[in-house]
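Here is what each chain is made of, one letter per residue.
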Amino acid sequence: KQGVVLSDGVAGHDRSSEGIVLALSHLGPTNAVWVSMREVRTSSRRLARLRAAIGFGGAQPRRFASFDCELPRSADLVVSTGPATAAANIALARSLKARNIYYGFPKWPPLGMTALLSPLPRRGAILSPRPSVVNAAELPSPRPMLGDSERHIAVLFGGDSKHYRYKTDDLKTLGDALKRLTVDQPDWRVTVFDSRRTNAETFLPLE
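As the structure is a computational prediction, the values presented were derived from the model and not from experiment. (Residues numbered from 1 in each chain as written. Predicted model: local features only at pLDDT ≥ 70, side-chain atom pairs only at ≥ 80, totals over all residues. Heavy atoms only, no water.)

## Re a nonpolar patch on the surface
1) Next: Taken together, the side chains of Leu47, Leu50, Ile54, Phe56 and Leu111 present a nonpolar region at the surface, about 410 Å² in accessible area.
2) Next: Note that Leu50 resides in helix H2 (residues 45-54). (Patch = residues over 30% accessible without salt bridge, like charges linked within 9 Å, V, L, I, M, F, W, Y side chains within 5 Å. Areas by Shrake-Rupley, 256 points an atom, 1.4 Å probe, with all protein chains shown as cover. Salt bridge = Lys/Arg side-chain N within 4 Å of Asp/Glu carboxyl O. Helix = DSSP H or I, 4+ residues; strand = E, 2+ residues; numbered from the N terminus.)

Spelled out as structure tokens, the structure:
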């Protein structure tokens, strides 16, 4: 299959799209062309998606985004992640007469998507954890944490979003849990990772 992946430049979105492409490659040969884009906002995103889906005004991809290269003239599939890419994804798939896959949160009306993957259970969406190129079957086997050797533990949690914004108490709870984890293991080192969207002051309880 020949695919087009639209990228809005957000690393987390690109990793999700990479995961989708990798999953598709397990079903058969898949060649993906990546196209960087910048959203063009002339109306609400909801209205833009609707216009792209129904072809209002001959809705072409460049009405919804600017691209850093010429768009492919043919493709079997369009893939993208992130709300800034949704309308362009729909319009490009429509113009190429291709199917499309979008990963994100379902919005009404759910039009223009062949497959809408979402972490939330919603009508018209396929419930899916965030796609990833990490294959659990290829990860190293678990090893005991206890022992005399030094351990470096990485803790990763998602950043602030419109669905939830972290409070100082949340990070205090996390910090207290990590302290309990390492109190008897002075050689263990813990590094906490989070999205740049989260206010740095929220992390003060971890210091």
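## Section: the sheet that holds strand S3 (residues 65-67)
1) Next: On the basis of which strands lie adjacent, the open sheet formed by seven strands has the order S3-S2-S1-S4-S5-S6-S7 and mixed pairing. Since the sheet does not close on itself, it has two edges, and those belong to S3 and strand S7 (126-127), each with one partner.
2) Next: Bridge count between strand S2 (residues 31-39) and S3: three bridges; the pairing is antiparallel. Considered in S3, the bridge of Met37 is made with Phe67.
3) Next: The sheet strands contacting helix H1 (residues 11-25) are strand S1 (2-7), S2, strand S4 (77-81), strand S5 (99-103) and strand S6 (115-118), and the helix crosses S4 at an angle near 145°. (Pairing = 2+ DSSP bridges. Contact = heavy atoms within 4.5 Å. Axes fitted to C-alpha atoms, helices over the stretch in contact; angles between N-to-C directions.)

## Some points on H2
1) Next: Residues Ala48, Arg49, Ala52 and Ala53 constitute the buried set of H2. The arc that holds every buried residue of H2, seen down its axis, measures 130°, which confines them to one face.
2) Next: Check the buried side of H2 and you find it contacts helix H3 (86-96).
3) Next: Just past H2, the residue Gly55 takes up positive phi, approximately 70°. (Buried < 20%, exposed > 50% of the residue type's maximum accessible area, 1.4 Å probe, protein only. Arc of directions from axis to C-beta.)

## With respect to the nonpolar core
1) Next: Grouped together as the largest cluster of nonpolar side chains are 22 residues, with contacts concentrated most on Leu6, Phe64, Phe67, Ala88 and Leu92.
2) Next: Elements represented by at least two residues in this core include exactly S1, S2, H2, S3 and H3.
3) Next: Per-element tally for this core: the top contributor is H3, with seven residues.
4) Next: Excluding its chain neighbours within four sequence positions, the residues that come into contact with Leu92 are Val4, Leu6, Pro61, Leu71 and Val78. (Core = buried A, V, L, I, M, F, W, Y, C linked by side-chain atoms within 4.5 Å.)

## Describing the environment of Leu71
1) Next: Tracing the chain through its elements places Leu71 in the loop between S3 and S4.
2) Next: We classify Leu71 as buried; its relative accessible area is 17%.
3) Next: Every residue in contact with Leu71, bar those within four places of it in the chain, is listed here: Val35, Pro61, Arg62 and Leu92.

## Some points on the pairing of strand S9 (residues 188-193)
1) Next: Both strand S8 (residues 151-156) and S9 contribute to a ladder of six bridges, which runs parallel. For Ala154, the partnering residue across the bridge sits in S9 and is Thr191.
2) Next: This β-α-β element, S8 to helix H4 (residues 168-182) to S9, shows right-handed connectivity. (Right-handed = clockwise from strand over helix to strand, strands pointing away.)

## Side note on H4
1) Next: With 15 residues, H4 ought to run about 21 Å at 1.5 Å a step, and its terminal C-alpha atoms sit 21 Å apart, in line with that.
2) Next: Those residues of H4 not exposed but buried are Leu171, Gly175, Leu178 and Thr182. Taken end-on, H4 shows its buried residues confined to a sector of 65°, consistent with a single buried face. Every exposed residue of H4 that faces more than 90 degrees away from the buried side is listed here: Asp169, Thr173 and Arg180. (Expected span 1.5 Å × (residues − 1).)

Interpretation note: all reported values are geometric properties and have no functional meaning in isolation.
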